[in-house]
Amino acid sequence: GEDVSYRQDGEGYHDNEEGSSDATEGHDDEDEIYEGEYQGIPSAGDKKHKEGQVALGQPVSDSTRDRKELEQERQADEEELAQQYELIIQECGHGRFQWQLFLVLGLALMSDGVEVFVVGFVLPSAETDMCVPNSSSGWLGSVVYLGMMVGAFFWGGMSDKVGRRQCLLICMSTNGFFAFLSSFVQGYGLFLLCRLAAGFGIGGAVPIVFSFFAEVLSREKRGEHLSWLCMFWMIGEIYASAMAWAIIPHYGWSFSMGSAYQFHSWRVFVVVCALPCVCAVVALTFMPESPRFYLEVGKHDEAWMILKQIHDTNMRARGQPEKVFTVSVCFFRALPRLGFLALKEAKRLISCHHWDRFKRFHCIYLNLMKCFNYPMQENMMRLAIVWFTLSFGYYGLSVWFPDVIKHLQADEYASKVQIHINERIEGFTFNFTLENQIHKNSLFINDQFINMKLKSVTFIDSTFRNCYFDDVTSVGSIFRNCTFVDAFFFNTDIDESKLIDGTEVVNSTFTHNKTGCQMTFDDDYSAYWVYFINFLGTLAVLPGNIVSALLMDKIGRLSMLGGSMVLSGISCFFLWFGTSESMMIFMLCLYNGLSISAWNSLDVVTTESFPTVRRGTGFGFCNALCKLAAVLGNLIFGSLVGITKAIPILMASSVLVGGGLVGLRLPDTRANVLM
């Protein structure tokens, strides 16, 4: 019984119940005519007015207006539309629908947190298992971040063109498929390729999730509930740390098919970490598209149906199913200039819906360039600086902290080494583990090494005569300038890579050598400890997350952003006193707890800083900068481990404090409606 057909000001502008978006195709050359008709400007074919003249009672054409004045007028219209949408969301209420979407999008955000930490946890195991030389190690971490960087920009931009839900489904499915596949591939090159594709997929999660959720929240709920949503990223960290701690060190959780196919415990961990992504994809199929996006592209009927669904779901949960959604489809078309704005924007967006790869990238690029135009230019630059500095300091120190702890452990381990010089051992059977020893100028005659392990054992200038090696596994052990005479090797992993610096093998036999790289966490003195440290570091984030969510709307986004970054930078100076493992763990927990408030407030500010048509693109660009800073932070801070403390401390402190001060100059978005 609703009449959804309208005419405005006697002009030839009509909408019908079938939706305005379809009616806009094929009219790209008439943008100015639509605008001129709506504003009462004479059309190009009007012979009554000469070019350059303005008729009495007619408004001045766009070409003669000041550009900023026209932009301000359009911005005022968009703000009015945003105010009306805010009133509609308030009528829909906050209830069951928002909490359902909160859990679904939380799973997607959790998957992003898991992806970041999976890399660090499987890196040592994967590179050892796949026999990756030291010169190639570290590529896994960089490749995943690079994939996430490209994915954030691409999927964020595409979400402004084809919709939040559709893009999130595609990017999460991409991540889940390639993450699962990576656990089965054997070659390091294929593994890198799969993790690159998985990173490209999950890169779109953060910009889309925050944009999607913000568009179904009212202004007074937005800051707090977006902050609660941030907690899922921390839950992803805890999940990844707990699973790594529980699964990876258990070397027995593995199987093999001959020597060609090995499925070790770290691969089980990779499969388990793909589960949140799979759950997110399944749950997301039951959720609707963002109604704000549908309004932006002129799909009024679809937007109205979803808003009615939100209203009815919340009212039924409150025990008020009889309460009627009072907003009609006509209401959307009655908003000032909605017809013109939606029509023009819909035509532009529909032209980008077609899956032409070059056109898609071009549309995303054009949308991004508008983020750097007046009046958003200064704010965009400040946002970019804050994202880059916070990410550089956070990810750089996140790499530096564990590596410094490992370095301290290695120094302590090396200080306990046993040194044996000029020893002579004859006719002895070694059937036990030798660990953390150095044998120099030693002579072994008629000795047997049977069913044993060599862990961090170095033989220097030593001689082995008539020795028998059977079922020997060596981890971190080498033979420097040694001599083997009449030796026999059966089922060992001793090969040319461990016989170095002029080691000679005379009249000796190697048979049934073990293939692949031998790895066992039973011999790793720090495996459990490293995962436990990361688990503690992520738990330390919990108080900061709760505080930021409760105080986000009370003390303001900018105060929390700037204050958290400055305090994080100041806390870095206490690293001077980190001379022990326990002190470094305490510093790690303190730093994580202080910095999380900055992340939460930055996510909220970024979401509220962009209009709907550019929210995904702008957020995606900022998140891409975040991943670029992560790559640079990993490379720079990682190269300084064990060399000096001064440079990492000063670098992290300066960028965090500087970024915090820039963040304080951002506009306060607490009172903003989503334009």
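Here the structure is a predicted model, which is why all the values come from computation and not from measurement.

S.K.: Teacher, can you tell me more about the sheet that holds strand S7 (residues 443–445) here?
M.R.: Within a sheet, neighbouring strands are paired by backbone hydrogen bonds and run either parallel or antiparallel to one another. Taken together, the five strands give an open sheet; going across it, the order is S4-S7-S9-S12-S15, and neighbouring strands pair in parallel fashion. Edge positions in the sheet fall to strand S4 (424–426) and strand S15 (504–506), since each has one partner strand and no second. Neighbour-to-neighbour, the strand axes of the sheet open up by a mean angle of 5 degrees, direction not taken into account. Judged from the three bridges that link them, strand S12 (residues 483–485) and S15 form a sheet pairing that is parallel. Residue pairing in the sheet places Thr-483 in a bridge with Glu-504 of S15.

S.K.: Sorry, what's going on with the pattern of salt bridges here?
M.R.: Two side chains carrying opposite charge are able to pair once their charged atoms lie near each other. Applying the stated criterion to the full structure yields 14 salt bridges. For Asp-553, the salt bridge identified is with Arg-557, shortest N-O distance 2.5 Å. A relative accessible area of 24% places Asp-553 in the partly exposed class. Through salt bridges with shared partners, a single ionic network connects Asp-160, Arg-164, Glu-215 and Arg-615.

S.K.: Mind showing me how you'd approach the pairing of strand S6 (residues 434–440) here?
M.R.: Across a regular strand the side chains alternate sides, sitting on one face of the sheet and then on the other. Looking at chain direction, strand S3 (residues 418–421) and S6 are connected through four bridges and run parallel. Paired with Gln-418 across the strands is Gln-437, a residue of S6. Pairing of S6 with strand S8 (residues 448–460) involves six bridges; the strand directions are parallel. Bridging across to S8, Leu-434 finds its partner in Leu-454.

S.K.: Could you clarify how one ought to interpret the environment of Asn-491 in this entry?
M.R.: Structurally, the position occupied by Asn-491 is in the loop between strand S13 (488–490) and strand S14 (499–500). Excluding anything up to four places from it in sequence, Asn-491 contacts Asp-470, Asp-471, Val-472, Thr-511, His-512 and Lys-514.

S.K.: Would you take a moment to explain the confidence of the model for the chain for this structure?
M.R.: Detailed conclusions should not be drawn from predicted coordinates in areas where pLDDT is low. Of the residues in the chain, 75% have a pLDDT of 70 or more, and the chain-wide mean is 78. Confidence drops under pLDDT 50 across residues 1–58; counting only partners more than four residues distant or on other chains, this segment forms 81 contacts. Of the regions scoring below 50 in pLDDT, residues 336–347 engages in 45 contacts with residues more than four places distant in sequence or in other chains.

S.K.: Is there a simple way to think about the environment of Leu-146 in this case?
M.R.: Residue placement: Leu-146 occurs in helix H4 (residues 139–162). The exposure class assigned to Leu-146 is partly exposed, which follows from its relative accessible area of 33%.

S.K.: Any chance you could explain the environment of Met-158 here in plain terms?
M.R.: Checked against the element boundaries, Met-158 lands in helix H4. Through-space distance from the C-alpha of Met-158 to that of Thr-617 is 7.5 Å; in sequence the pair is 459 residues apart.

S.K.: Which parts of the structure should I look at to understand the packing of aromatic side chains?
M.R.: Aromatic rings considered in pairs are described by the distance between their centres and by the relative angle of their planes. For the structure on display, the rule yields 41 aromatic pairs. Taken together, a centroid distance of 6.3 Å and an interplanar angle of 25 degrees make the contact between Tyr-394 and Tyr-591 stacked. Placement of Tyr-394 in helix H16 (residues 377–414) and of Tyr-591 in helix H20 (residues 581–609) is noted, with a sequence separation of 197 residues between them. With relative accessibility at 7%, the residue Tyr-394 sits in the buried group. Through a chain of ring-to-ring contacts, three or more aromatic side chains come together here, namely Phe-428, Phe-430, Phe-432, Phe-444, Phe-449, Phe-459, Phe-464, Phe-469, Phe-479, Phe-484, Phe-489 and Phe-510.

S.K.: Just checking my understanding: could you explain the pairing of strand S10 (residues 468–475) for this structure?
M.R.: Here S8 pairs with S10 via seven bridges, running parallel. Bridging across to S10, Ile-450 finds its partner in Asp-470. When S10 meets S13, the two strands line up parallel, connected through three bridges. Within S13, the residue paired with Tyr-468 across the bridge is Phe-488.

S.K.: Help me out: how do you make sense of unusual backbone geometry in this one?
M.R.: It is generally the case that most residues other than glycine have a negative phi and that most peptide bonds are trans. Positive phi values are uncommon outside glycine, yet Asn-422 reaches one of about 55 degrees. Position of Asn-422 relative to the elements: it lies in the loop between S3 and S4. A positive phi angle, close to 55 degrees, is found at His-512, a residue other than glycine. Locating His-512 in the fold gives a position in the loop between strand S16 (509–511) and helix H17 (527–539). Overall, His-512 belongs to the exposed group, its relative accessible area being 58%.

Criteria and thresholds
- Residues numbered from 1 in each chain as written.
- Predicted model: local features only at pLDDT ≥ 70, side-chain atom pairs only at ≥ 80, totals over all residues.
- Heavy atoms only, no water.
- Pairing = 2+ DSSP bridges.
- Helix = DSSP H or I, 4+ residues; strand = E, 2+ residues; numbered from the N terminus.
- Axes fitted to C-alpha atoms, helices over the stretch in contact; angles between N-to-C directions.
- Salt bridge = Lys/Arg side-chain N within 4 Å of Asp/Glu carboxyl O.
- Buried < 20%, exposed > 50% of the residue type's maximum accessible area, 1.4 Å probe, protein only.
- Contact = heavy atoms within 4.5 Å.
- pLDDT = per-residue confidence, 0-100.
- Phe/Tyr/Trp six-rings, centres within 6.5 Å; stacked < 30°, edge-to-face > 60°.

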